[in-house]
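Here is what each chain is made of, one letter per residue.
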Amino acid sequence: MIKFLHIADIHLGIRRYKSEERTQDFFYAWRDCIERYALAEQVSFVLIAGDFFDARKVEPQAMNQAMFCLKRLQEAKIPVVVIEGNHDSHEVGTRFSWLRSMSRWGYIKLLEPVYEDGSARLEAWNEEKGQGSFIDIGEVRIFGSIWYGSTVTQSLTTLVDLLRDHHEPQRFNVMMLHTDIEGHVNHPSPPLPVAKLNELKTYVDYLALGHTHKNFEIDGWAYNPGSLEACSVDEYANQRGAYVVEIEGKRHTARLVQDYHQRPVIRVGFDVDGKATPEELHEALFVQLRQELSPHENGETSPLPPVIELALRGPLGFKNSL
């Protein structure tokens, strides 16, 4: 039996609410997930389906956070297979990116098709060069892709043709793809129609998706874990997590896991209408807050203190400057 961990949209280095603590949350989610579901469960490999980092220009702190776990996985001899997402993709017109460098150095295996002279091809993984389009790990063949953006529907036709020539019928074939899917959209870019997605099904046993920050699966073969942490208050209500996948022959089971560092969010609304002075508003607001919120108690068993979003709504009864 082969077991692997499928995660996406880790967004190391993200900045929210001018809070260093919130930036650290994304590292803790990454660290906890790797410790509990990759190292403790002794998986055969880890898949990161795009947006490992929040930006192409990786800050030193984010690189340190990435390397903290990558070195531990390397010591445990667990390969980390990665594709680019829209946040950490290479810039047009350059061969260089941090993900490509990390792949050359041997910390990850970045999979991507080769595009030259207007055509695409797939190349087998070259360990010495640290590059390739697909890799075999045990009885599993894993294919990579790039961030296609609004061209994903057209580009998928080429991918299907390439998979036809390179998929291995005797192996369990996995494809990694970073895109929105029709019916599960939370981005403005055009989503990939499900009918087009299904063209991959002939050659792919498990489609490892990323990009959409909420969990969903399609017909027991396409899986999107969601972001490890909520990238905004609006996303907090979304279910998210990681998949631990077990393979036996051509069959698989995918288990969504969520028991790792995730900070809770509380949204509070307050109606300012009818409050004639700042003092009156302040007093009424804090009466409501004390009714709806309880003080956080520090301790090893206590939950994390939440992010609290406070929305003041309605017409003010005094000048904004007050």
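Above this text is the structure in question.
Rules used throughout
Residues numbered from 1 in each chain as written. Predicted model: local features only at pLDDT ≥ 70, side-chain atom pairs only at ≥ 80, totals over all residues. Heavy atoms only, no water. Helix = DSSP H or I, 4+ residues; strand = E, 2+ residues; numbered from the N terminus. Buried < 20%, exposed > 50% of the residue type's maximum accessible area, 1.4 Å probe, protein only. Areas by Shrake-Rupley, 256 points an atom, 1.4 Å probe, with all protein chains shown as cover. Lys, Arg positive; Asp, Glu negative; His and termini not counted. Charge placed at Lys NZ, Arg CZ, Asp CG, Glu CD. Pairing = 2+ DSSP bridges. Contact = heavy atoms within 4.5 Å. Axes fitted to C-alpha atoms, helices over the stretch in contact; angles between N-to-C directions. Right-handed = clockwise from strand over helix to strand, strands pointing away. Core = buried A, V, L, I, M, F, W, Y, C linked by side-chain atoms within 4.5 Å. Polar contact = N/O pair within 3.5 Å; in protein donor to acceptor, adjacent residues only side chain to side chain. Disulfide = S-S within 2.5 Å. Parallel < 35°, antiparallel > 145°, perpendicular 65-115°, else oblique. Expected span 1.5 Å × (residues − 1).

Undergrad: Quick one: what's the story with the overall build of the protein, residue by residue and with numbers?
TA: From N to C terminus, the protein includes 6 helices and 16 strands. Principal-axis analysis of the C-alpha atoms places the extent of the protein at approximately 75 × 40 × 40 Å. For the protein, the proportion of its 322 residues judged to be buried stands at 48%. For the protein, the exposed area adds up to about 15,900 Å²; of that, 49% sits on carbon and sulfur atoms. Within the protein, one finds 34 positive and 46 negative side-chain charges whose respective centroids are separated by 3 Å.

Undergrad: Explain the sheet that holds strand β13 (residues 242-248) to me, and be specific about the residues and the numbers.
TA: Taken together, 6 strands build an open sheet; the order of strands is β4-β3-β2-β1-β13-β14 and the sheet is mixed. Of all strands in the sheet, those with a lone pairing partner are β4 (109-110) and β14 (251-257), marking the two edges. Along the sheet, helix α1 (residues 20-39) contacts β1 (2-7), β2 (45-49), β13 and β14; its crossing angle with β1, the most-contacted strand, is approximately 165°.

Undergrad: How would you sum up the environment of Asp-259? Please name residues and give values.
TA: Mapped onto the elements, Asp-259 comes out in the loop between β14 and β15 (265-271). Put simply, Asp-259 and Cys-33 are 226 residues apart on the chain and 8.1 Å apart in space, counted from C-alpha to C-alpha. Those residues in contact with Asp-259 that sit more than four places away from it in its chain are Arg-36 and Tyr-37.

Undergrad: Describe the pairing of strand β8 (residues 140-143), naming the residues involved and giving the relevant values.
TA: Burial of β8 is two-sided: the residues Val-140 and Ile-142 facing one way and the residues Arg-141 and Phe-143 facing the other way are all buried. The pairing of strand β7 (residues 134-137) with β8 spans 4 bridges and is classified as antiparallel. Across the sheet, residue Asp-136 finds its bridge partner in β8, namely Arg-141. In this antiparallel pair of consecutive strands, β7 and β8, the connection spans 2 residues, and Gly-138 shows a positive phi of 60°. As judged from the 4 bridges shared by β8 and strand β9 (residues 172-178), these two strands associate in the parallel manner. Residue pairing for β9: Arg-141 is matched across the bridge by Asn-173. Handedness of the β8-helix α4 (residues 152-166)-β9 crossover: right-handed.

Undergrad: Explain the nonpolar core to me, and be specific about the residues and the numbers.
TA: Core analysis: the biggest nonpolar cluster contains 36 residues, and Leu-5, Ile-7, Trp-30, Val-46, Phe-52, Phe-53 and Met-102 have the highest contact counts within it. Contributing elements (two or more residues each) for this core: β1, α1, β2, α2 (60-75), β3 (80-83), α3 (98-105) and β13. Ignoring sequence-local partners within four residues, the contact set of Leu-5 consists of Cys-33, Ile-34, Tyr-37, Ala-38, Val-43, Phe-45, Val-46, Leu-47, Ala-242, Tyr-243 and Val-244. In terms of nonpolar packing, the next biggest core, distinct from the first, is built from 25 residues, Leu-162, Leu-200, Leu-207 and Ala-222 among them.

Undergrad: Can you tell me about the side chain of Asn-173, naming the residues and giving the values?
TA: Within the secondary structure, Asn-173 is located in strand β9. Residue Asn-173 is classed as buried on the basis of its relative accessible area of 1%. Side-chain polar atoms of Asn-173 contact the backbone oxygen of Glu-168, separated by 2.8 Å. Here the side chain of Asn-173 touches Arg-171 through a polar contact of 3.2 Å, landing on its backbone oxygen.

Undergrad: Any details on the state of the cysteines? Residues and values, ideally.
TA: As enumerated under the stated definition, the model contains 0 disulfides in all. Free of any disulfide, Cys-231 has its nearest cysteine sulfur in Cys-33, 14 Å distant. Look at Cys-231 and you get buried, because its relative accessible area is 4%.

Undergrad: Before we move on, could you go through the packing of α1 against α2 and cite the residues and values that matter?
TA: One way to put it is that α1 packs onto α2 with a least axis distance of 11 Å and a crossing angle of 10°. With respect to α2, the axis of α1 lies roughly parallel. The residues of α2 that touch α1, namely those facing Glu-20, Thr-23, Gln-24, Phe-27, Trp-30, Arg-31, Ile-34, Glu-35, Ala-38 and Leu-39, are Gln-61, Gln-65, Ala-66, Phe-68, Cys-69, Leu-70, Arg-72 and Leu-73.

Undergrad: Describe unusual backbone geometry, naming the residues involved and giving the relevant values.
TA: Look at Gln-42: it is not a glycine, yet its phi comes out positive at around 50°. If you trace the backbone, Gln-42 turns up in the loop between α1 and β2. A positive phi is found at His-211, a non-glycine position, where the angle reads about 105°. The residue His-211 is located in the loop between β10 (206-210) and β11 (216-218) in this model.

Undergrad: Kindly report on the side chain of Lys-109, identifying the contributing residues and their values.
TA: Here Lys-109 lies in strand β4. Relative accessible area serves as the criterion here: at 13%, Lys-109 is assigned to the buried category.

Undergrad: Let's hear about α2: which residues, and what values?
TA: Given a rise of 1.5 Å per residue, 16 residues ought to cover 22 Å, and the 22 Å separating the end C-alpha atoms of α2 matches this to within 8%. Of the residues making up α2, those classed as buried are Ala-62, Met-63, Gln-65, Ala-66, Met-67, Cys-69, Leu-70 and Leu-73. Residues of α2 that are buried in the fold lie against α1, β2, β3 and α3. At the C-terminal side of α2, Lys-77 shows a positive phi close to 60°.

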